[in-house]
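Geometric and topological summary
The residues making up each chain are set out below.
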Amino acid sequence: MHPPRIVVLVTILGVLVTGCTPTPAPEPSPVPSVPTCVPEFGGEPFPCTQAEHDANQKMLARYAEAERVYREYNELSAAEVVARTPIPSSKLTALTTGGYRRDLGDLRRGALELATFEGAMKVVKAEPATLAAGSVGNLSMDMCMDMSEWTVKFNDGSPGPSGFRSDRIVFDDAAGGPLIADIMVGKGESCA
């Protein structure tokens, strides 16, 4: 008696299909991971030790927190001058330190006496900057500000800022988190 034809056909097809199944590719041998570090003031990432990588990550986190603080300060300050609030809020003041904190009220009153404000300034780029010798803080960043939606109407009719402007922000984070110690407004320097 011959085996049923269907069983023979299934067996032959099974052998053919098995012969066509690709064998799995061998897994590549693991390549040891080398940490990379980012230069503080720009440049190409470079290989570094784990200890250098850990320090580099702390440095990057420090700048990221300083940028966050400035963005919050910028939004609050703009909203308060648009609303013509003569005394800076405690929330805004808490983002500053030292002489800048002490002078913040005078700066606000002076600005409100000179002009009216509308809109908002936007931070479009933030980069670490070299801290000037004798600076009041211990960390510095350049902020590229887009002034296109910020309208300043000076009482004497002189034109307000427009376009892009680079501001230098000095922070002091000796007490824990970064606080704004000084703001040096750019004088027409474009950063776009």
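This structure is a prediction, so every number in the text was calculated from the model and none was measured.

1. Section: the confidence of the model for the protein
- Mean pLDDT over the protein: 86, with 81% of residues reaching 70 or higher.
- Mean pLDDT in the protein bottoms out at helix α1 (residues 5–20), which sits at 45, and peaks at helix α3 (residues 90–93), which reaches 97.
- Here residues 5–20 is modelled with pLDDT under 50, and outside its nearest four sequence neighbours on either side it reaches one contact, counting other chains as well.

2. Details of the layout of surface pockets
- Within this model, the largest pocket holds a volume of roughly 740 Å³.
- If you go around the largest pocket, you meet 27 residues; those closest to its centre are Ala111, Phe117, Met121, Arg165 and Val185.
- Only α2 (50–82), α4 (98–114), β3 (115–119), β6 (150–154) and β7 (164–172) provide two or more residues apiece to the lining of the largest pocket.
- For the lining of the largest pocket, the element with the most residues is α4, which contributes seven residues.

3. Some thoughts on the nonpolar core
- One finds Tyr70, Tyr73, Met143, Trp150, Phe171 and Ile180 to be the most contacted residues of the largest nonpolar core, which totals 28 residues.
- Elements supplying a minimum of two residues to this core: α2, α4, β3, β5 (139–146), β6, β7 and β8 (179–184).
- For Trp150, the contacting residues outside a window of four places in its chain are Ala78, Val81, Val82, Phe117, Glu118, Gly119, Ala120, Met121 and Pro161.

4. Remarks on the sheet that holds strand β4 (residues 122–129)
- Spatially, the four strands line up as an open sheet ordered β4-β5-β7-β8, and their pairing is antiparallel. In the strand order of this sheet, the two ends are held by β4 and β8, each with one partner. Direction aside, the axes of adjacent strands within the sheet are offset by 30° on average.
- Pairing of β7 with β8, which is carried by five bridges, proceeds in the antiparallel orientation. Bridge pairing links Ile169 to Ile183 in β8.
- Running at roughly 45° to β5, α2 makes contact with β4, β5, β7 and β8 of the sheet.

Calculation rules
- Residues numbered from 1 in each chain as written.
- Predicted model: local features only at pLDDT ≥ 70, side-chain atom pairs only at ≥ 80, totals over all residues.
- Heavy atoms only, no water.
- pLDDT = per-residue confidence, 0-100.
- Helix = DSSP H or I, 4+ residues; strand = E, 2+ residues; numbered from the N terminus.
- Contact = heavy atoms within 4.5 Å.
- 1 Å grid on protein atoms, 1.4 Å probe; cavity = no way out; pocket = protein on both sides within 12 Å on 5 of 7 lines; lining within 4 Å.
- Points joined across faces, edges and corners; volume = space filled by probe spheres on them.
- Core = buried A, V, L, I, M, F, W, Y, C linked by side-chain atoms within 4.5 Å.
- Buried < 20%, exposed > 50% of the residue type's maximum accessible area, 1.4 Å probe, protein only.
- Pairing = 2+ DSSP bridges.
- Axes fitted to C-alpha atoms, helices over the stretch in contact; angles between N-to-C directions.

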